[in-house]
Amino acid sequence: MISPTLDNEANIRRRYKAVDEHLYSDLKGEAVILNLVNGRYYGLNSVGVVIWKSLREPATIGDIEAAVMKEFDVDPATCRRESTDFLEKMVEEHLIEITDE
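For clarity, every value in this text was computed on a predicted model and none was experimentally measured.

J.: Tell me what's going on with the overall build of the protein, and back it up with residues and numbers.
T.: Helices and strands together make up the secondary structure of the protein, namely four helices and five strands. If you list the helices and strands of the protein from N to C, you get α-β-β-β-β-α-α-α-β. Burial statistics for the protein: of 101 residues in total, 36% are counted as buried. Sequence separation of at least 24 residues holds for 55% of the intrachain contacts in the protein that already meet a minimum separation of 6. Carbon together with sulfur atoms contributes 51% to the accessible area of the protein, which is approximately 6200 Å² in total.

Okay, here's the thing in structure tokens:
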């Protein structure tokens with residue numbers, strides 16, 4: 001599990017990347033991902049789409065937060081908390097991976 005606080009140096013440098021083997025479809029601002037391993041569909045709202053698109057290449061939590069804050073009016077603390085929660089769930093479902101480059 002990802003650390004709930006991303007304050008230490010290792011967690012700040014950690015990189016996340018979308019697993020390429022899953023199918024992704026954009027649905028006019030929202031999206032759906034099909035996990036080809038377990039056959040489950042995952043719906044993404046507009047914030048989830050921004051995060052997912054930022055994970056096409058390895059990205060740090062800072063990269064992800066910057067992408068979200070560029071698109072949405074959200075304070076940094078809320079952005080960090082919500083982004084971290086989203087990443088934890090995506091890692092648990094094997095939709096993204098930690099690449100620690």
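J.: Just give me the short version of the layout of surface pockets, but keep the residues and values in it.
T.: Quantified by volume, the largest pocket comes out at close to 270 Å³. Looking at the largest pocket, it is lined by 17 residues, and the ones nearest its centre are Val-47, Ile-51, Glu-82, Ser-83 and Phe-86. For the lining of the largest pocket, the secondary structure elements donating two or more residues are strand 4 (41–44), helix 2 (46–54) and helix 4 (76–92).

J.: Please provide a residue-by-residue account of helix 4, values included.
T.: For helix 4, with 17 residues, the first-to-last C-alpha span of 24 Å sits near the 24 Å given by 1.5 Å per residue. Lining the buried residues of helix 4 we find strand 1 (16–18), strand 3 (30–34), strand 4, helix 2, helix 3 (61–71) and strand 5 (96–98). N-cap assignment for helix 4: the residue whose side-chain oxygen lies 3.2 Å from the backbone N of Ala-77 is Asp-75. The first or second residue beyond helix 4 is His-94, which carries a positive phi of 60°.

J.: Describe unusual backbone geometry, with residues and values.
T.: The backbone of Lys-28 sits at a positive phi, close to 55°, despite the residue not being glycine. Along the chain, Lys-28 turns up in the loop between strand 2 (23–27) and strand 3. Given the relative accessible area of 86%, Lys-28 is considered exposed. We note that His-94 has phi near 60°; this positive angle belongs to a residue other than glycine.

J.: Describe the pairing of strand 4, listing the residues and the values that go with them.
T.: Of the two faces of strand 4, only one is covered, namely that formed by Tyr-42 and Leu-44; the face formed by Tyr-41 and Gly-43 stays uncovered. Both strand 3 and strand 4 contribute to a ladder of four bridges, which runs antiparallel. In the strand pairing of strand 4, Leu-34 is matched with Tyr-41. Between strand 3 and strand 4, which pair antiparallel and follow one another directly, the connecting turn spans six residues, one of which, Gly-39, has a positive phi of 75°.

Rules behind the numbers
- All residue numbers refer to positions counted from 1 along the written sequence of the respective chain.
- Given that this is a predicted model, residues contribute local features only at a pLDDT of at least 70 and side-chain atom pairs are listed and counted only at 80 or more, while totals for whole chains, interfaces and linings are drawn from all residues.
- Remark: hydrogens and water are excluded; side-chain values derive from all non-hydrogen atoms of the structure.
- Strands are runs of DSSP state E lasting at least two residues, helices are runs of H or I lasting at least four, and both sets are numbered from the N terminus onward.
- Exposure categories follow from relative accessible area, calculated using a 1.4 Å probe and restricted to protein chains: below 20% of the type maximum is buried, above 50% is exposed, and the middle band is partly exposed.
- Note on definitions: a residue-residue contact is assigned when non-hydrogen atoms from the two residues lie within 4.5 Å.
- Areas reported here follow the Shrake-Rupley algorithm with a probe of radius 1.4 Å; residue values treat only the protein chains shown as occluding.
- The rule is simple: put a 1 Å grid over the protein atoms alone, call a set of points where a 1.4 Å probe fits but cannot get out a cavity, call an open set with protein on both sides within 12 Å along at least five of seven lines a pocket, and count a residue as lining if it has an atom within 4 Å of a point.
- Grid points are joined across faces, edges and corners, and a volume is the space filled by probe spheres set on the points.
- Here, expected helix span is obtained from the residue count minus one, scaled by 1.5 Å.
- Under the rule applied, a polar contact is a pair of N or O atoms within 3.5 Å (in protein, one hydrogen donor and one hydrogen acceptor; residues adjacent in sequence only if both atoms are side-chain atoms).
- Between any two strands, at least two bridges found by DSSP are needed for them to pair.

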